[in-house]
Amino acid sequence: MIVCSCNVISHHDIEATIAALRDLDPNVVLTAGLVYRTMGHRPKCGNCLSNIVRMIHAIHTDEADKQAQK
Ligand code: FES
């Protein structure tokens, strides 16, 4: 599914970028801007930014839940 139609960035592309950033530095502070820069893009209209922030938040929430279950 395309998340950013301006730059043609898919959900998978964003997930892979977030995973790569976290592999490089597990304590990285993820922001939509960092995700864009890492992919070599810049936001154009900005309509997708809230979706990217939600994806980052969802990953943090999932990992926090997993940590709490240990
Ligand atoms: S939809 Fe991502 S910058 Fe426009």
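To keep things clear, this report deals only with the structure shown in the data block. (Residues numbered from 1 in each chain as written. Predicted model: local features only at pLDDT ≥ 70, side-chain atom pairs only at ≥ 80, totals over all residues. Heavy atoms only, no water.)

**Thoughts on the overall build of the protein**
Along the backbone of the protein there are 3 helices and 2 strands. For the protein, the α and β elements follow one another from N to C terminus as β-β-α-α-α. Here the C-alpha coordinates of the protein stretch approximately 40 × 20 × 15 Å along the principal axes. Within the protein, the fraction of its 70 residues that count as buried is 31%. The contacts of the protein with a sequence gap of at least 6 include a subset with a gap of at least 24, amounting to 47%. Surface accessibility of the protein: about 4,800 Å² in total, with carbon and sulfur atoms responsible for 55%. Mean positive and mean negative side-chain charge positions of the protein (7 and 7 charges, respectively) differ by 8 Å. (Helix = DSSP H or I, 4+ residues; strand = E, 2+ residues; numbered from the N terminus. Buried < 20%, exposed > 50% of the residue type's maximum accessible area, 1.4 Å probe, protein only. Contact = heavy atoms within 4.5 Å. Areas by Shrake-Rupley, 256 points an atom, 1.4 Å probe, with all protein chains shown as cover. Lys, Arg positive; Asp, Glu negative; His and termini not counted. Charge placed at Lys NZ, Arg CZ, Asp CG, Glu CD.)

**Comments concerning the side chain of Asn7**
The residue Asn7 is located in the loop between strand S1 (2–4) and strand S2 (9–10) in this model. Take Asn7: its relative accessible area is 11%, and that puts it in the buried class. Polar contacts involving the side chain of Asn7 include one to the side chain of Lys44, which spans 3.4 Å. Contacts of Asn7, omitting those with residues within four sequence positions, involve Tyr36, His41, Arg42, Pro43 and Lys44. (Polar contact = N/O pair within 3.5 Å; in protein donor to acceptor, adjacent residues only side chain to side chain.)

**A closer look at the nonpolar core**
Burial of nonpolar side chains together is a common tendency in soluble globular proteins. Membership of the largest hydrophobic core comes to 18 residues, with the highest contact counts inside it found for Ile14, Ile18, Leu30, Val35 and Ile52. Elements supplying a minimum of two residues to this core: S1, helix H1 (11–24), helix H2 (32–39) and helix H3 (49–69). The element contributing the most residues to this core is H2, with 5 residues. (Core = buried A, V, L, I, M, F, W, Y, C linked by side-chain atoms within 4.5 Å.)

**Quick word on the environment of Ile9**
Its location among the elements puts Ile9 in strand S2. Residues Ile9 and Pro26 lie 17 residues apart in sequence; the distance between their C-alpha atoms is 23 Å. Beyond its immediate sequence surroundings of up to four residues, Ile9 is in contact with Met1, Ile2, Val3, Cys4, Ile14, Tyr36, Met39 and His41.

**With respect to the side chain of Arg22**
Secondary-structure assignment places Arg22 in helix H1. When residues no more than four places from it in sequence are discounted, the contact partners of Arg22 are Val28, Leu30, Ile59, His60 and Glu63.

**Observations regarding H1**
Under the 1.5 Å per step criterion, the end-to-end length of H1 is 20 Å for 14 residues, consistent within 8% with the ideal 20 Å. Where H1 is buried, its residues touch S1, S2, H2 and H3. (Expected span 1.5 Å × (residues − 1).)

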